[in-house]
Amino acid sequence: MNDRTIALIGPMGAGKTSVGRRVAKRLGRRFVDTDAAIAVEHGPIPELFASLGEPGFRGIEREVVQRELRAGGVVSLGGGAVLDASTRAALADCTVVLLTVSDAAVAQRLASDRRPLLTDGIDSWRRIAAEREPVYRALADVVVDTSRLPMTRIAEELAVQLQEEPA
Ligand SMILES: Nc1ncnc2c1ncn2[C@@H]1O[C@H](COP(=O)(O)OP(=O)(O)OP(=O)(O)O)[C@@H](O)[C@H]1O
Ligand SMILES: O=C(O)C1=C[C@@H](O)[C@@H](O)[C@H](O)C1
Ligand SMILES: [Mg+2]
């Protein structure tokens, strides 16, 4: 395995946080979830959207994401972090893993109000995921669908695949 930062990207609820944490553990590498880092440093994400609007949130996200990508290890990004051009450029130096999920599978995972962009539940998810799909695909080195397998299995297989990455 090389020592490039491993970045997990993909739509809301695809499993970036859950799978990323498990992959890092298996590889013995540091793990950071950028949404969690933003919340610790700046406050809860729904409150940041409410007080600063989406552009204000994206500015904070850009700083935190790029800092963590530079720091290395396994980094799970927020679903919309790839909307920023300078973040997309930073991802060129990383091994980028795209996690996908079907709308049927994700519907059961979104039962929480902590995602401010999902104002119309699964309908908002479908629209946002479809808009971003080409951006995610263009950045991805590895694509894994999380709809059918338990996250432990996904993490196990992904860790093996990442260990085989050429130096
Ligand atoms: N393979 C899976 N099978 C079943 N449930 C899963 C799977 N992966 C994740 N989940 C569940 O789906 C929910 C969302 O997962 P997670 O928070 O990891 O997604 P995310 O991609 O980080 O989303 P966000 O972009 O909102 O941060 C969690 O409750 C998690 O336990
Ligand atoms: O897809 C998105 O735009 C978002 C996903 C979450 O990870 C959070 O970063 C936030 O809720 C925005
Ligand atoms: Mg997450």
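Note that the coordinates shown come from a computational prediction; the quantities given were computed from them, not determined experimentally. (Residues numbered from 1 in each chain as written. Chains lettered and ligands numbered in written order. Predicted model: local features only at pLDDT ≥ 70, side-chain atom pairs only at ≥ 80, totals over all residues. Heavy atoms only, no water.)

### Things to note about the layout of surface pockets
At step 1: By volume, the second largest pocket is sized at about 150 Å³.
At step 2: Around the second largest pocket sit Pro 11, Leu 98, Thr 100, Val 101, Trp 125, Arg 126, Ala 129, Ala 130, Glu 133, Tyr 136 and Arg 137, which together line it.
At step 3: Only β4 (95-100) and α6 (121-139) provide two or more residues apiece to the lining of the second largest pocket.
At step 4: The element that contributes the greatest number of residues to the lining of the second largest pocket is α6, accounting for seven residues.
At step 5: Of the residues assigned to the lining of the second largest pocket, the class counts are seven nonpolar, one polar and three charged. (1 Å grid on protein atoms, 1.4 Å probe; cavity = no way out; pocket = protein on both sides within 12 Å on 5 of 7 lines; lining within 4 Å. Points joined across faces, edges and corners; volume = space filled by probe spheres on them. Helix = DSSP H or I, 4+ residues; strand = E, 2+ residues; numbered from the N terminus. Nonpolar A, V, L, I, M, F, W, Y, C, P; charged D, E, K, R; others polar.)

### A word on the UniProt feature "binding site: Mg(2+)" (unreviewed entry) in the protein
At step 1: UniProt feature "binding site: Mg(2+)" (unreviewed entry): in the numbering of this structure it lies at Thr 17.
At step 2: Looking at the secondary structure, you find Thr 17 in helix α1 (residues 16-27).
At step 3: Exposure remark for Thr 17: the relative accessible area of 32% places this residue in the partly exposed category.
At step 4: Once residues within four sequence positions are removed from consideration, Thr 17 is found in contact with Phe 31, Asp 33 and Ser 76. (UniProt positions renumbered as here; feature names shortened; annotations may be inferred. Buried < 20%, exposed > 50% of the residue type's maximum accessible area, 1.4 Å probe, protein only. Contact = heavy atoms within 4.5 Å.)

### Here's the deal with α1
At step 1: Here α1 is twelve residues long and its end C-alpha atoms lie 16 Å apart, about the 16 Å a rise of 1.5 Å per residue gives.
At step 2: Of the residues making up α1, those classed as buried are Lys 16, Val 19, Gly 20, Val 23, Ala 24 and Leu 27. Along the long axis of α1, the arc covered by the buried residues comes to 135°, so they all point the same way.
At step 3: The elements touched by buried residues of α1 are β1 (6-9), β2 (31-33), β3 (74-76), β4 and α7 (151-163).
At step 4: Backbone geometry just after α1 places Gly 28 at a positive phi near 65°. (Expected span 1.5 Å × (residues − 1). Arc of directions from axis to C-beta.)

### Some details on the sheet that holds strand β5 (residues 142-145)
At step 1: Strand order in the open sheet formed by five strands is β2-β3-β1-β4-β5, and the pairing between neighbours is parallel. Among the strands making up the open sheet, the edge pair consists of β2 and β5. Taken pair by pair, the neighbouring strands of this sheet meet at an average axis angle of 20°, ignoring direction.
At step 2: Looking at chain direction, β1 and β3 are connected through three bridges and run parallel. Within β3, the position partnered with Leu 8 by the bridge is Ser 76.
At step 3: Seen against the sheet, helix α2 (residues 34-42) touches β2 and β3 and runs at an angle of roughly 70° to β2.
At step 4: The strands that α7 touches are β1, β4 and β5; relative to β5, the one it contacts most, it runs at about 165°. (Pairing = 2+ DSSP bridges. Axes fitted to C-alpha atoms, helices over the stretch in contact; angles between N-to-C directions.)

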